[in-house]
Amino acid sequence: HPSAAKAWAKFGTDASVSDSYNVTGVADTSSSTKTITWDADFGDADYAVVATQNGAASNFNPNMVVSTMAAGSIVLFHSTETDITSFMVAAFGVLA
């Protein structure tokens, strides 16, 4: 269905994936970026991504942005707060 997530993942700060759908893997590309690679590519880079992070409420700055989008992957730029425990991402669009 068009409204269903075509990919999603929950992963730790070290990029270890705890659960996912249509995600080949997550790479820890720097202290503030993660690259998420889709198993089945989207038709193009024109799809929607929702991302959030989980952590303790004290001293928590939930800044996060998708800095690069391609049909087969995204690059997620995030804050480097020590209270972050995990990241969650979901993608919606048309697969190739």
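Heads up: the structure comes first, above all this text.
Owing to the predicted nature of the structure, the values given are computational and were not obtained by experimental measurement.

Draft legend 1. Fine view of the sheet that holds strand β7 (residues 73-78). The four strands lie next to each other as β3-β4-β7-β6, forming an open sheet whose pairing is antiparallel. Pairing within the sheet leaves two strands with one partner each, and these edge strands are β3 (23-30) and β6 (64-70). With direction set aside, neighbouring strand axes in the sheet form an average angle of 20 degrees. Sheet analysis places strand β4 (residues 33-38) next to β7, joined by five bridges and oriented antiparallel.

Draft legend 2. Spotlight on the pairing of β4. A large share of β4 lies buried, amounting to five of its six residues. Inspection of the sheet shows β3 paired to β4 by six bridges, in the antiparallel sense. The partner of S30 across the bridge, within β4, is T33. Hairpin remark: β3 followed by β4, antiparallel, with two residues in the connecting loop.

Draft legend 3. A look at the pattern of salt bridges. One pass over the full model with this rule turns up one salt bridge. Across the pair D28 and K34 runs a salt bridge whose closest N-O atoms are separated by 3.2 Å. K34 gets classed as buried once you look at its relative accessible area, which sits at 1%.

Draft legend 4. Representation of the packing of aromatic side chains in the model. Within this structure, the stated rule accounts for four aromatic pairs. Ring geometry for F11 against F87: centres 5.5 Å apart, planes inclined by 25 degrees, an arrangement best described as stacked. Placement of the pair is F11 in strand β1 (residues 7-12) and F87 in strand β8 (residues 84-92), with a sequence separation of 76 residues. Among the residues examined, F11 registers a relative accessible area of 1% and is labelled buried. Their ring planes at 75 degrees and their centres at 5.8 Å tell us that W38 and F42 sit as a pair that is edge-to-face. W38 gets classed as buried once you look at its relative accessible area, which sits at 2%. An aromatic cluster is built from W38, F42 and Y47, whose rings are joined through pairwise contacts.

What counts, and where the lines are drawn
- Residues numbered from 1 in each chain as written.
- Predicted model: local features only at pLDDT ≥ 70, side-chain atom pairs only at ≥ 80, totals over all residues.
- Heavy atoms only, no water.
- Pairing = 2+ DSSP bridges.
- Helix = DSSP H or I, 4+ residues; strand = E, 2+ residues; numbered from the N terminus.
- Axes fitted to C-alpha atoms, helices over the stretch in contact; angles between N-to-C directions.
- Buried < 20%, exposed > 50% of the residue type's maximum accessible area, 1.4 Å probe, protein only.
- Salt bridge = Lys/Arg side-chain N within 4 Å of Asp/Glu carboxyl O.
- Phe/Tyr/Trp six-rings, centres within 6.5 Å; stacked < 30°, edge-to-face > 60°.

Just distances and angles here, no functional claims.
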